[in-house]
Amino acid sequence: MSFEGSSSLRGHTVALLGPTNTGKTHLAIQTMLTHASGIIGFPLRLLAREVYDRVCNEVGRSNVALVTGEEKIIPANPHYFLCTVEAMPMGRSFDFVGVDEIQLAADPERGHVFTDRLMNARGVETTMFMGSETARPLIQRMLPDAMMTGRPRLSKLSYVGKSKLSRLPRRSAVVAFSATDVYAIAELMRRQRGGAAVVLGALSPRTRNAQVEMYQAGEVDFLVATDAIGMGLNMDIDHVAFAGARKFDGARRRGLSTGEMGQIAGRAGRFMTDGTFGVTGEVEEFDEELVTAIENHQFETLTQFRWRSARLNYDSPRELLRSLESPAPFPWLAPPRQPEDLRTLKALLKDAEIKALAEANREHLIQLWDVCQIPDFRKTMHDSHVRLLSRIYDQLTGGGVIARDWMARQLEHLDRVDGDLDTLQSRLSHVRTWTYISHRGAWLDDPVEWQERARVIEDKLSDALHGKLTQRFVDRRTASLVKRLRDAETVNAAIDNDGAVSVDGAFVGQLEGLRFVADRSVLNNKAMKAAVNQVLAGALSARARKIIGSDDAAFTLNDDASIGWNGQSIARISKGPHVLRPTATLISGDQLNERDLEALTGRLQTWLDGQIKRLLRPLIGLEDGPFSPSARGVAYQLVENLGVLRRDRVADHIRQFDAKDYGRFKYRGIQLGHNTIFCPALLKPEPTRWRQILFDCDAPGKVPLDHAGLVSFEVDRKADTSRLLRAGYRVMGSVAVRVDMLERISAMAHKAARKGEAEATHELLSLLGGGTERLLPVLAGLGYVTERSTDDSPMKYRPRRTRDAQKSSAARKPPPQRKRKPAVRVDPDSPFAALMELRTK
């Protein structure tokens, strides 16, 4: 029974079975996304992380959670959870529930967890178990009502026999079953084939991803790995070569089963691309029966799943042990083989104090079992792990949380990146333990802080380990590069976010903006130099297209008048036909083709013009406004001086303004101050910085003055008053004052001293942002005379012209009074009496 899409699976409990490369995981993901909510459990943290990143790309990070023992990323309201099987939140309800690699229910150590999910994990609408056909009979027996769905492999898998390591085809994965063997083979591949990426199950996700990305990007053509690649990790592998056929399974060294071989060989060939498998090294050729089984995916079915009761009795330690070791309910279910948590619990209960605590308090017993769940990532002696857990349990029961200083010491001891591969790997394993602990929130005083600290150390160690692996097992300057160039094969060139240029994974130089600075070693390496010359034109063109497609936020105008892109200078501005229309010129565009050069220059010019229009909007087209000739002259000079102009320089023009000119300037946001003409909006820090850069862009070495937030400050006699004016400050003696504050000070002083002498108030001093000594030169520059009777008395000031007028009036005598002539008496009987009467009316 086969289904092409996810719609026919909806509303069922489905067992989706088949060999590798059948699209089971892909179908499960797509089915989950058709539901309002869903969860999938995976066998590996690495695989959960890989699918998490994939689902985030489809539906956004705010809708997706990642939950593993060592990592939890849970947004406010996620719809989909990607987890390790052990970390699945079973108490939460989901419309879709999926479990991958369900055949691992037969695993001796972890199988009981998969079996529990098979028996108890159900979605409200749809449940899906993905895995091998080997699990079909047991699933049918346990879930008789489940829809059993098979899927054929999408590509053909063929056996090609035995090959030497030196003859393996490109895009091959060599599989060994111990770290020692992996390292030895990788070293041999370095000498013979230029190097290989390395993947082991114990690697952190960050190290593993860096190694896989190196392989996927074609920086190396070979991968050396343990059987960790058999668990659904998707890579472009064409051929799998077995360098071993036996493994240690935690209890004994044994031969691989046919199903295990099929799982590993099935990594070759992805989607519709056929794959091959074979053997190498000391491994004997596979017999015909084994080859047929692997090619046709015919493996022995599983006869038992592992099981442990999920219903634990915490009434006493004895009852807890009894429930953990209770017999399986069916003959096809077997107990796990010496599970680590149960062994640890038994060992801890041998401690009389721990046993007494667990017997006296049910909560302490529950907590003891929780502590036993801490995995032994370190793989040290079991007694060492038990001692660590005993110390943790003592602190939890004694103080409620793990002691902060003790936790800090454990992490500080691991925060080192020196040492060889084994040392770094050991530290990483230790950090994984503390990362797991940090995600048990109730155990720590500040779990978020400890999670971050553990993550930072893990990332540092992961990067260091990746660097060590690459340094030891990859020779990026090999004869294979010469061969590839000779055969006209594609050379893999890459530019990282920091501008580092690599060819086949080797650093060859730095791309600083659009200028390539070759590494010194490249200059003496003809093969690498030829490769660089071959790929640089394409790399520069790709860089240009990336810059062209960038958002405006990626660009900056630097203080040296250069245009930056993601922190790298790529162009310089110079004065153009108008002060507000500067020209953008690429710093180094000689190696770009004409089309890219024109497009990139146009993009930068568009950004530059747009920023000027946004930041300096009041000046745009100001001189073309409906002004009188005199006002237009003032507007022109204001634009030429980029928004700040001394009033005394244009006083004659202002006297000839029309009555409406004042309102027109005010409408455009221009303030015609008593001392300075300026636009308040352009005094903000960013417009001020741009105005200075635009004015000085052709003057090398000049950078903008930065006095943002200062109302006034002291200057010396050599201060460049013109530059300070463009920065928005007027120099008054030994003090520079921001022009808008100067206008307010001038207005306040004028109002207070209209009738003569006035006192310098606290309000006046606060406007200046300084004391009395700073106010003195400012008032003097504004035309006031100051005086102070004592150091403690308030300062007084008066207009200079008022005191001079008083001195001159005291020196002059008042003019003599003119004597009034006596009134002429007129005879009322005189003929002129009528005229006199008219005069007095």
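One can find the structure itself at the top, above this paragraph.
Report follows, based on the coordinates. (Residues numbered from 1 in each chain as written. Predicted model: local features only at pLDDT ≥ 70, side-chain atom pairs only at ≥ 80, totals over all residues. Heavy atoms only, no water.)

Two packed helices can be described by the angle between their axes and the distance between those axes. Axis separation between helix α11 (residues 352-360) and helix α12 (residues 362-372) bottoms out at 5 Å; the angle between their running directions is 125 degrees. As the angle between them shows, α11 and α12 are arranged oblique. Between α11, through Ile354, Leu357, Ala358 and Ala360, and α12, the contact on the second element is made entirely by Arg362, His364, Leu365 and Leu368. Of the residues that constitute the contact of α11 with α12, the class distribution is 6 nonpolar, 1 polar and 1 charged. (Axes fitted to C-alpha atoms, helices over the stretch in contact; angles between N-to-C directions. Helix = DSSP H or I, 4+ residues; strand = E, 2+ residues; numbered from the N terminus. Parallel < 35°, antiparallel > 145°, perpendicular 65-115°, else oblique. Contact = heavy atoms within 4.5 Å. Nonpolar A, V, L, I, M, F, W, Y, C, P; charged D, E, K, R; others polar.)

Let us now look at the sheet that holds strand β6 (residues 96-99). Two orientations exist for strands paired in a sheet by backbone hydrogen bonds: parallel and antiparallel. Taken in spatial order, the 8 strands line up as β4-β3-β5-β2-β6-β7-β1-β8 in an open sheet, and their pairing is mixed. Only two strands of the sheet have a single partner each, and these edge strands are β4 (72-73) and β8 (147-150). Sheet topology places strand β2 (residues 38-42) next to strand β5 (residues 80-84); 5 bridges connect them, and they run parallel. Bridge pairing in β5 places Phe42 opposite Thr84. (Pairing = 2+ DSSP bridges.)

A word on the environment of Ala749. Within the fold, Ala749 resides in helix α26 (residues 739-752). The exposure class assigned to Ala749 is buried, which follows from its relative accessible area of 0%. Here the alpha-carbon distance between Ala749 and Tyr797, two residues 48 residues apart in the chain, equals 8.7 Å. In this view, Ala749 contacts Leu779, Tyr784 and Tyr797; residues no more than four positions away in its chain are not counted. (Buried < 20%, exposed > 50% of the residue type's maximum accessible area, 1.4 Å probe, protein only.)

Moving on, we come to the nonpolar core. Of all hydrophobic cores here, the largest spans 62 residues; its most connected members are Leu345, Leu368, Ile392, Ile402 and Trp434. When residues in this core are grouped by element, the largest group, 8 residues, is from helix α16 (residues 447-473). Other than its neighbours up to four places away in sequence, Leu368 contacts Leu345, Leu348, Leu349, Ile354, Ala358 and Tyr393. Counting 53 residues, the second largest nonpolar core, distinct from the first, contains Leu511, Val579, Leu604 and Ile677. (Core = buried A, V, L, I, M, F, W, Y, C linked by side-chain atoms within 4.5 Å.)

Now for the packing of aromatic side chains. With the rule as written, the count across this model stands at 15 aromatic pairs. Between the aromatic rings of Tyr183 and Phe473, the centroid separation amounts to 5.6 Å while the plane-to-plane angle is 25 degrees, which identifies the pairing as stacked. One end of the pair, Tyr183, is in helix α5 (residues 179-193); the other, Phe473, is in helix α16, and 290 residues separate them in sequence. Accessibility classification places Tyr183 together with Phe473 in one group, the buried group. When the ring of Phe330 is compared with that of Trp332, the centres are 4.7 Å apart and the planes differ by 5 degrees; the resulting orientation is stacked. (Phe/Tyr/Trp six-rings, centres within 6.5 Å; stacked < 30°, edge-to-face > 60°.)

Interpretation note: all reported values are geometric properties and have no functional meaning in isolation.
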